[in-house]
Amino acid sequence: MAAAAGAAAAPAPVNLRLGDLVWGKLGRYPPWPGKIVNPPKDLKKPRGKKCFFVKFFGTEDHAWIKVEQLKPYHAHKEDMIKINKGKRFQQAVDAVEEFLKKAKGKDQASHNSTEEKNRQNSSEERGKSAGEEKRKAGLSEGKPKKRVSSVSSERGSKSPLKRTYEQSPRKRGRPPKDEKDLTIPESSTVKRMMTGTVAGFKWPPSPAVCYQAISKKLKVCEEETGSTSIQAADSTAINGSITPTDKKLDKEFDPLAEAFPDPQPGVATNRIGFLGLGLMGSGIVSNLLKMGHTVTVWNRTAEKCDLFIQEGARLGRTPAEVVSTCDITFACVSDPKAAKDLVLGPSGVLQGIRPGKCYVDMSTVDADTVTELAQVIVSRGGRFLEAPVSGNQQLSNDGMLVILAAGDRGLYEDCSSCFQAMGKTSFFLGEVGNAAKMMLIVNMVQGSFMATIAEGLTLAQVTGQSQQTLLDILNQGQLASIFLDQKCQNILQGNFKPDFYLKYIQKDLRLAIALGDSVNHPTPMAAAANEVYKRAKALDQSDNDMSAVYRAYIH
């Protein structure tokens, strides 16, 4: 306990080992109870600081966690329960307590079985001693020991054990058949426990560190690599499956087999595919790999795949091949045409769809496009989810995107560990098409705001006001935000390296205006901003950052 308390008070790393129960923290998400386990054989350990591979309770998630983000379970249990109140968090804690209860029960059962065997052995030894004393007594009186017949034994003997050892001594060797029948059989359960790996197992002496589950040789299912996550205190996660080599024995002796039940095919063991390695897709894939997912990638220009292959990704030759070899395939491409071509084109996604295959489109497109794609995927027996993301390249790299999802609710839950890897939060918005509409509205607001920022900076310049002072004032007011500061800095420094392509924000404005037209709703502000972006595109700013819309005002 003292060691655990000291670790809590000081930043020094805690002395942890395989099998320990811990609290693991992922990014901005709350600490979650888990167990240190062996990682999959083909999963590389992240470079840099020391870390452990942790399997989380109440989920099927697992991930590499830096040692400084781990704390012993028992020493910090009360503190963690005080600060986390989510329903799923409580379910995870209950799973830990159930695991500990069963682990203790199994250990007690093992102890009782061992004591029972010792009592049996002791009884046999007493029987041997009594028989030997009588034999010696008979020899000392000069009377040779008579062989007792089976009939007389039945009349004169009170116990089979006594009868056995009163028979005349014989040479060492294989006992006769009748004597073997009298031997008290050893419990097969006790024998298996005492001769297997459990015989050498010892519980850690201090409960402050944790109880350790019965050591077992584990095997990673290469074809099953699951997913789900710990999102806020009220989320779920699935991410990989470590399966015992002998399921029958492990379920009997390893309490963790019940705390983490065998995953269902296609739910808890997900091989991930990703199509499209642009500004957003590249950051997403990088974070999926960092979190321990098995990812197969494809990109129209294959060279972009090389970096991720070096990081541990697998290469898919066509979208159809990726979909056919993966459980869940994500796609993130530029516009409605690219999204349709990816699914419906030669060697496209649709050719790889089979019953149960899952497709998640993260592209920002219109509701009609995503509805059409959903229909063709589902018609082949596939499952479909739309999940466009709000953010930029930096947020993608940092794993801080906001994910808007709609469609198959079960698939949304199956994707939660992937979403945790790529984003800070996710929203489920109902039926297919809702996420596309919401995403266009979000980007309409963002694009219009960016145009207004550019307009204000140019007006300050032409009226003789300091643009830097304007930025300083805005940063002290209600409009202060990272977005405002970064985009203004881009303009002041003349640095328009793309973080969100200008051509794509203009595309989103155009689609948002069309969305308004479809329901007869006016969008005059978005329409005005759209015209400014169109002018910027005419000035060859399409492949620059959206902040380059500033140049539409100074030319």
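Residues numbered from 1 in each chain as written. Predicted model: local features only at pLDDT ≥ 70, side-chain atom pairs only at ≥ 80, totals over all residues. Heavy atoms only, no water.

### What about the overall build of the chain?
Logical step 1: Within the chain, the regular secondary structure consists of 24 helices and 16 strands.
Logical step 2: Within the chain, buried positions represent 45% of all 555 residues.
Logical step 3: Pairs at least 24 residues apart make up 66% of the contacts formed inside the chain by residues separated by at least 6 positions.
Logical step 4: Accessible surface computed for the chain: about 28500 Å², of which carbon and sulfur atoms make up 53%. (Helix = DSSP H or I, 4+ residues; strand = E, 2+ residues; numbered from the N terminus. Buried < 20%, exposed > 50% of the residue type's maximum accessible area, 1.4 Å probe, protein only. Contact = heavy atoms within 4.5 Å. Areas by Shrake-Rupley, 256 points an atom, 1.4 Å probe, with all protein chains shown as cover.)

### Remarks on helix 15 (residues 367-379)
Logical step 1: The end-to-end C-alpha separation of helix 15 is 18 Å, in line with the 18 Å expected for 13 residues at 1.5 Å each.
Logical step 2: Residues of helix 15 that are buried: Ala367, Thr369, Val370, Leu373, Ala374 and Ile377. One face of helix 15 carries all of its buried residues, which in axial projection span an arc of 160 degrees. Looking at helix 15, the residues exposed on the side facing more than 90 degrees away from the buried face are Asp368, Gln375 and Ser379.
Logical step 3: Buried residues along helix 15 sit in contact with helix 13 (336-344), helix 14 (349-352), strand 12 (358-361), strand 13 (383-386) and helix 19 (434-462).
Logical step 4: The backbone nitrogen of Asp368 has a side-chain oxygen 3.3 Å away, supplied by the residue at the start of helix 15, namely Asp366. (Expected span 1.5 Å × (residues − 1). Arc of directions from axis to C-beta. Polar contact = N/O pair within 3.5 Å; in protein donor to acceptor, adjacent residues only side chain to side chain.)

### Overview of the pairing of strand 4 (residues 62-66)
Logical step 1: Among the 5 residues in strand 4, 4 count as buried, and that is most of the element.
Logical step 2: The pairing of strand 3 (residues 51-56) with strand 4 spans 5 bridges and is antiparallel. Bridge assignment links Phe53 to a residue of strand 4, and that residue is Trp64. (Pairing = 2+ DSSP bridges.)

### Let's talk about the pattern of salt bridges
Logical step 1: Taken as a whole and judged by the stated rule, the model has 14 salt bridges.
Logical step 2: The partner of Lys77 in a salt bridge is Glu97, and the shortest N-O contact between them spans 3.1 Å. In this pair, Lys77 is assigned in helix 2 (residues 73-83) and Glu97 in helix 3 (residues 87-140), connecting sequence segments 20 residues apart.
Logical step 3: According to the relative accessible area criterion, Glu97 is partly exposed, its value standing at 29%.
Logical step 4: Between Arg383 and Asp414 there is a salt bridge; the shortest N-O distance is 3.3 Å. Of this pair, Arg383 sits in strand 13 while Asp414 sits in helix 17 (residues 409-414), and the two are 31 residues apart along the sequence.
Logical step 5: Its relative accessible area of 21% is what places Arg383 among the partly exposed residues.
Logical step 6: For Asp414, a relative accessible area of 6% corresponds to the buried category.
Logical step 7: What emerges from the salt-bridge pattern is a single network uniting Arg383, Asp408 and Asp414. (Salt bridge = Lys/Arg side-chain N within 4 Å of Asp/Glu carboxyl O.)

### Description of the environment of Lys507
Logical step 1: Turning to its location among the elements, Lys507 is positioned in helix 22 (residues 502-518).
Logical step 2: The spacing of Lys507 and Asp335 is 172 residues in sequence and 7.8 Å in space, taken between C-alpha atoms.
Logical step 3: Ignoring anything within four residues of it in the chain, the contact list for Lys507 reads Ser334, Asp335 and Thr364.
Logical step 4: There is a polar contact of 3.1 Å between the side chain of Lys507 and the backbone oxygen of Ser334.

### Focus: the pairing of strand 8 (residues 272-275)
Logical step 1: Taking every second residue as pointing to the same face, both faces of strand 8 are buried, with Ile272 and Phe274 on one and Gly273 and Leu275 on the other.
Logical step 2: Here strand 8 pairs with strand 11 (residues 328-331) via 4 bridges, running parallel. Residue Gly273 lies in a different strand from strand 11, and its bridge partner there is Thr329.
Logical step 3: Two strands pair when backbone bridges link them, and strand 8 and strand 9 (residues 295-298) are joined in this way by 4 bridges, in the parallel orientation. Of the residues in strand 9, the one forming a bridge with Phe274 is Val297.

### With respect to unusual backbone geometry
Logical step 1: Backbone geometry places Asn520, a non-glycine residue, at a positive phi of 60 degrees.
Logical step 2: The topology assignment puts Asn520 in the loop between helix 22 and helix 23 (524-538).
Logical step 3: You can call Asn520 exposed: its relative accessible area is 71%.
Logical step 4: One non-glycine residue, Asp540, lies in positive phi territory at about 65 degrees.
Logical step 5: Structurally, Asp540 is set in the loop between helix 23 and helix 24 (551-554).

### What about the nonpolar core?
Logical step 1: Residues Phe274, Leu288, Phe330, Val360, Met362, Phe419 and Met422 are the most contacted members of the largest nonpolar core, which totals 57 residues.
Logical step 2: Top element by residues in this core is helix 3. It accounts for 7 residues.
Logical step 3: Within the second largest apolar cluster, 30 residues are counted, among which are Met450, Leu471, Val532 and Val549. (Core = buried A, V, L, I, M, F, W, Y, C linked by side-chain atoms within 4.5 Å.)

### Some remarks on the sheet that holds strand 1 (residues 21-24)
Logical step 1: Pairing is antiparallel across the open sheet formed by 5 strands, whose spatial order is 4-3-2-1-5. The open sheet has two edge strands, strand 4 and strand 5 (70-72), and neither has a second partner. Strand-to-strand twist of the sheet, defined as the mean angle between neighbouring strand axes without regard to direction, takes the value 45 degrees.
Logical step 2: Pairing of strand 1 with strand 2 (residues 32-36) involves 4 bridges; the strand directions are antiparallel. (Axes fitted to C-alpha atoms, helices over the stretch in contact; angles between N-to-C directions.)

### Structural notes on the side chain of Ser363
Logical step 1: Positionally, Ser363 belongs in the loop between strand 12 and helix 15.
Logical step 2: Taking relative accessible area as the criterion, Ser363 reaches 4% and is therefore assigned buried.
Logical step 3: At 2.9 Å, the side chain of Ser363 and the backbone nitrogen of Val333 are in polar contact.
Logical step 4: In this structure the side chain of Ser363 is engaged in a polar contact, spanning 2.7 Å, whose partner is the side chain of Asp361.
Logical step 5: Residues in contact with Ser363, not counting those within four places in the same chain, are Ala331, Cys332, Val333 and Pro388.

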